[in-house]
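A closer look at the structure
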Amino acid sequence: MAELLVRNARIVYPATRGFVVDRGWLLARDGVIAGLAAGDVPVDVGWSVAGRQEIDAAGMTLLPGLLNTHMHLYSMYSRGISTGRVSHGFLDVLQDLWWRLDRSLLKDACWMSATFSGMDSLRCGTTTIVDHHASPSYIAGSLSTLSEALNKIGLRHVLSYEITDRNGIEGAVAGVDENIRFFDEVKGKGGLASSMVGLHASFTVSDATLAILRARVGSRKVGYHVHVAEGAIDEEDSVEKYGKRIVARLDNAGLLSPRSIAVHCVGIDASERELLAKSGTPVVVNTMSNMNNAVGLPAVREMLEAGIQVGIGTDGYTANMFEEFRNTLVGLRHRYEDPAGFWTQVQQAQIETNADIVSRCTGCTVGRLEEGAAADFILVDYASPTPLNSENAFGHMFFGMSADLVDTVVVNGNVAVKGHRVLAVDREDLERESRKVAEAVWEAFDRLSWFPTGV
Ligand SMILES: [Zn+2]
């Protein structure tokens with residue numbers, strides 16, 4: 001029996017119906033929260049358990065770990081890269097950067113991206129990532145490579161491989177197979193790994209590929225993780241080729257369900273919102289990425305009014321969910337010219353909806369501070385200059401806390417970060433190794449300078 005006891009913590013659950021305990025304790029047993037309460041640790045939680053780890057939080061704030069419901073670990077290789085081109089639109093961004101970069105990834109680059117980018121996520125207080133992976137030059141086994149690295153550093157993960165036709169039918173089928181192979185590998189095993197089936201986007205996945213996918217999935221109960229209407233090209237392509245809008249196409253293919261994730265949804269219309277709501281499919285918005293790519297921001301107010309669950313991810317733009325949920329709020333206020341809007345909605349999206357999404361993906365309760373939930377939490381070294389209570393806890397998280405203040409991160413009852421350090425890696429060694437791997441990735445990237453631009 002593995003136990004971890006945290007004492008002297010200010011326990012804050014910053015949900016819309018959350019709570020604050022000024023000084024309390026939390027006991028994790030075998031990866032789940034076995035108890036938490038105010039005051040001193042009672043004798044009956046079992047002081048005699050041998051080998052139990054203890055942490056004196058010394059007044060630090062204990063929060064549920066942050067969840068990133070749309071991530072691309074490999075995006076870290078774009079830091080400092082030069083494409084040698086000026087991208088004029090969304091498709092250019094894909095062709096000039098991302099589709100050249102993912103082709104440049106081999107096994108060691110996948111492993112390193114999971115280790116390094118995973119380390120960044122942990123250090124920012126993120127305890128689960130829902131990743132969407134692509135490495136067309138190394139497809140079979142790629143999800144296991146990522147998972148092995150993420151298990152080693154102790155980050156909970158939901159992985160999928162993006163199926164796409166852009167590498168020919170062989171590449172598409174290999175993508176399908178990798179998703180199914182990994183699903184079967186981790187299904188029912190417990191631990192930190194879970195899986196979804198990834199699709200790049202409607203405009204790069206043909207009906208023929210969807211038919212192959214359906215046949216291979218068979219009776220498996222999978223969730224699908226797909227980019228939807230990120231750029232205008234996606235919706236235009238669907239209407240032109242298939243005579244229907246993207247979400248209708250996904251619905252017809254049986255891909256919508258509460259276990260699935262529709263990412264972005266910048267260009268969807270009311271009929272598509274209705275289908276998402278009816279099927280219980282959540283949308284994950286990625287404000288900083290959308291603004292960076294100048295594709296506009298999704299109609300979140302209309303989505304919520306339609307009854308869609310809206311969560312928040314980073315799209316690989318950053319590992320820092322504190323930055324992302326802050327920018328989601330200000331981005332939406334700017335979009336709707338509403339300086340008082342979206343406070344509760346962003347709070348709910350970050351704290352509750354992301355928890356719902358990850359809990360459905362993993363099959364266990366994640367992102368909540370309650371008995372029986374996964375013991376995934378963080379200690380933040382936050383000094384509060386003003387009163388902190390259950391009504392204003394999210395205000396403190398929003399305006400006062402930050403990734404820099406995350407001292408300790410616990411995932412599945414195991415300490416992954418202590419004193420701002422990821423325990424499983426030597427950061428200097430990792431940095432040296434990562435730069436070597438990145439040089440090889442960039443050389444391959446440069447060799448793909450012939451990659452076509454435009455449609
Ligand atoms: Zn994405």
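Residues numbered from 1 in each chain as written. Predicted model: local features only at pLDDT ≥ 70, side-chain atom pairs only at ≥ 80, totals over all residues. Heavy atoms only, no water.

By the naming in an unreviewed UniProt entry, the protein chain goes by Putative aminohydrolase SsnA and is assigned to Candidatus Cryosericum terrychapinii.

**Some words on the overall build of the protein chain**
Heads up, the rule is: Under the scheme used here, helices are H or I runs from DSSP no shorter than 4 residues and strands are E runs no shorter than 2 residues, and both carry numbers assigned from the N terminus. The atom set for the radius of gyration is the C-alpha atoms, and the globule formula is 2.2 Å times the number of residues raised to the power 0.38. Between buried and exposed lies partly exposed: a residue is buried under 20% and exposed over 50% of the maximum accessible area for its type, with that area taken using a 1.4 Å probe on protein chains only. What makes two residues a contact is simply this: any of their non-hydrogen atoms within 4.5 Å. Accessible areas in this description were obtained via Shrake-Rupley with a 1.4 Å probe; residue shielding takes into account the shown protein chains only. The charge count treats Lys and Arg as positive and Asp and Glu as negative. His and the chain ends do not count. The atoms used to mark charge sites are NZ of Lys, CZ of Arg, CG of Asp and CD of Glu.
The number of helices and strands found in the protein chain is 14 helices and 18 strands. On C-alpha atoms alone, the protein chain measures out to a radius of gyration of 22 Å, which is about the 23 Å that the 2.2 N^0.38 rule sets for 455 residues. Along the first, second and third principal axes, the C-alpha set of the protein chain runs to 65 × 45 × 45 Å. Counting only residues that meet the buried cut, the protein chain has 60% of its 455 residues in that class. For the protein chain, contacts bridging at least 24 residues in sequence account for 75% of all contacts bridging at least 6. For the protein chain, the exposed area adds up to about 17800 Å²; of that, 50% sits on carbon and sulfur atoms. If the 42 positive side-chain charges of the protein chain are averaged to one point and the 56 negative ones to another, these points end up 3 Å apart.

**Remarks on the coordination of the zinc ion**
Four donors placed tetrahedrally around a metal ideally meet at 109.5 degrees, and six donors placed octahedrally ideally meet at 90 or 180 degrees. To keep it simple, the criterion reads: The donor definition counts N, O and S atoms within 2.8 Å of each metal and applies 3.2 Å to Na, K and Ca; water is not among these atoms, so some sites may look incomplete. By the criteria applied here, four donors are tetrahedral when all angles lie between 85 and 135 degrees, four are square planar and six octahedral when opposite donors are over 155 degrees apart and every other angle lies between 65 and 115, and any other arrangement is irregular.
Every protein donor of the zinc ion is listed here as His70 (NE2), His72 (NE2), His227 (NE2) and Asp315 (OD), and their distances to the metal cover 1.9 to 2.2 Å. In this structure, the zinc ion is coordinated by 4 donor atoms arranged in irregular fashion, with angles at the metal of 94 to 156°. The sequence motif formed by the donor residues of the zinc ion is H-x1-H-x154-H-x87-D. In this pair, His72 sits in the loop between strand 6 (66-71) and helix 1 (90-103) while Asp315 sits in the loop between strand 14 (310-312) and helix 11 (321-336), placing the two residues 243 residues apart along the sequence.

**A closer look at the domain arrangement of the protein chain**
To be explicit about the condition: Either an automatic procedure or a domain database provided the assignment from which the domain bounds are taken. Two parts placed together each lose some accessible area under a 1.4 Å probe, and the buried area is that loss summed for both. Salt bridges are identified by distance alone: a Lys or Arg side-chain nitrogen within 4 Å of an Asp or Glu carboxyl oxygen. Under this grouping Gly is polar, as are all residues other than the nonpolar Ala, Val, Leu, Ile, Met, Phe, Trp, Tyr, Cys and Pro and the charged Asp, Glu, Lys and Arg.
Domain annotation for the protein chain reports domain 1 (3-64 + 376-421) and domain 2 (66-362). On a C-alpha basis, the centroid separation for the pair domain 1 and domain 2 is 30 Å. Between domain 1 and domain 2, the contact holds 24 residues from the first and 23 residues from the second. Here domain 1 meets domain 2 over a buried area of about 2100 Å², counting both sides, of which 68% is carbon and sulfur. When residues of domain 1 are sorted by the area they lose upon contact with domain 2, Thr16, Phe394 and Phe398 head the list and together hold 31% of the total. Our count for the domain 1 to domain 2 interface comes out at 1 salt bridge. Of all elements in the fold, only strand 15 (377-380), helix 13 (393-399), strand 16 (406-411) and strand 17 (414-418) reach the threshold of two or more residues within the side of domain 1 that touches domain 2. Its residues assigned to classes, the side of domain 1 that touches domain 2 comprises 18 nonpolar, 5 polar and 1 charged.

**Concerning helix 1**
Counting along an α-helix, one turn takes 3.6 residues, and residues three or four places apart therefore face a common direction. Stated precisely, the cut-off is as follows: What a helix is expected to span follows from its residue count: subtract one and scale by 1.5 Å.
For helix 1, with 14 residues, the first-to-last C-alpha span of 18 Å sits near the 20 Å given by 1.5 Å per residue. Turning to helix 1, its buried residues are Phe90, Leu91, Asp92, Val93, Leu94, Gln95, Asp96, Leu97, Trp99, Arg100, Leu101 and Asp102. The inward-facing, buried residues of helix 1 abut strand 8 (156-163), strand 10 (197-201), helix 6 (232-242) and helix 14 (427-447).

**Re the state of the cysteines**
Worth spelling out the cut-off: Any two cysteine sulfur atoms lying within 2.5 Å of each other are counted as a disulfide.
Tallying each qualifying case throughout the model produces 0 disulfides. Just so you know, Cys364 is unpaired, no disulfide at all, and the nearest cysteine sulfur is the one on Cys361, 11 Å from it. Taking relative accessible area as the criterion, Cys364 reaches 31% and is therefore assigned partly exposed.

**Focus on the packing of helix 11 against helix 12 (residues 343-362)**
Counted only if it meets this: Between the N-to-C directions of two axes lies an angle of 0 to 180 degrees, each axis being a line fitted to C-alpha atoms and, for a helix, fitted only over the stretch in contact. Here a crossing is taken to be left-handed if its near helix is turned anticlockwise relative to the far helix by less than a right angle, and right-handed if that turn runs clockwise.
Where helix 11 contacts helix 12, the two axes come as close as 9 Å, and the packing angle between them is 145°. Handedness of the crossing formed by helix 11 with helix 12: right-handed. Residue-level contacts link Met321, Phe325, Thr328, Leu329, Leu332 and Arg333 of helix 11 to Trp343, Val346, Gln350 and Asn354 of helix 12. Along the lines of polarity and charge, the residues of the contact of helix 11 with helix 12 split into 6 nonpolar, 3 polar and 1 charged.

**Thoughts on the side chain of Ser202**
By the secondary structure assignment, Ser202 is in the loop between strand 10 and helix 5 (207-217). Judged by its relative accessible area of 4%, Ser202 is buried. Apart from the residues within four sequence positions on either side, Ser202 is in contact with His227, Asp234, Asp237, Ser238, Ile246 and Arg249.

**Focus: the UniProt feature "domain: Amidohydrolase-related" (unreviewed entry) in the protein chain**
This is how the line gets drawn: UniProt positions are given in the numbering used here, feature names are shortened, and annotations may be inferred rather than shown by experiment.
Under the local residue numbering, the UniProt record ascribes the feature "domain: Amidohydrolase-related" (unreviewed entry) to residues 61-415. Between the C-alpha atoms that bound residues 61-415 there is a distance of 16 Å. The span itself is 44% helix and 17% strand.

**Here we look at the layout of surface pockets**
Rules: The way it works is a 1 Å grid over only the protein atoms, where trapped points that fit a 1.4 Å probe form a cavity and open points with protein on both sides within 12 Å along at least five of seven lines form a pocket, and then any residue with an atom within 4 Å of a point lines it. Grid points are joined across faces, edges and corners, and a volume is the space filled by probe spheres set on the points.
Size it by volume and the largest pocket reaches roughly 650 Å³. At the level of secondary structure, the elements contributing two or more residues to the lining of the largest pocket comprise helix 1, helix 2 (107-123) and helix 9 (287-292). The element best represented in the lining of the largest pocket is helix 1, accounting for 7 residues. When the residues that make up the lining of the largest pocket are grouped by side-chain class, the tally is 11 nonpolar, 15 polar and 7 charged. Quantified by volume, the second largest pocket comes out at close to 480 Å³. Along the walls of the second largest pocket sit 28 residues, with Ala193, Ser194, Cys361, Thr362 and Gly363 positioned nearest its centre. Listed by contribution, the elements that provide at least two residues to the lining of the second largest pocket are helix 4 (168-186), strand 9 (193-195) and helix 12. Counted by class, the lining of the second largest pocket contains 10 nonpolar, 11 polar and 7 charged residues. Taken domain by domain, the makeup of the lining of the second largest pocket includes at least three residues from each of domain 1 (3-64 + 376-421) and domain 2 (66-362).

**Describing the pairing of strand 7 (residues 126-133)**
Operational definition: Whether two strands pair comes down to DSSP finding at least two bridges between them.
Counting buried positions along strand 7 gives 8 out of 8 residues, so the element sits mostly inside the fold. When strand 6 meets strand 7, the two strands line up parallel, connected through 4 bridges. Its bridge partner being in strand 7, Asn68 is matched across the sheet by Ile129.

**Points about helix 2**
The first and last C-alpha atoms of helix 2 sit 24 Å apart over 17 residues, in line with the 24 Å expected at 1.5 Å per residue. Summarising burial for helix 2: 13 of the 17 residues are buried, a large majority. Residue Gly125 follows helix 2 closely and has a positive phi angle near 90°.

**Some words on the pattern of salt bridges**
What the rule picks out here adds up to 23 salt bridges. Of the charged contacts in the structure, one is a salt bridge between Glu272 and Arg245, with a shortest N-O distance of 2.9 Å. In this pair, Glu272 is assigned in helix 8 (residues 270-279) and Arg245 in the loop between helix 6 and helix 7 (246-252), connecting sequence segments 27 residues apart.

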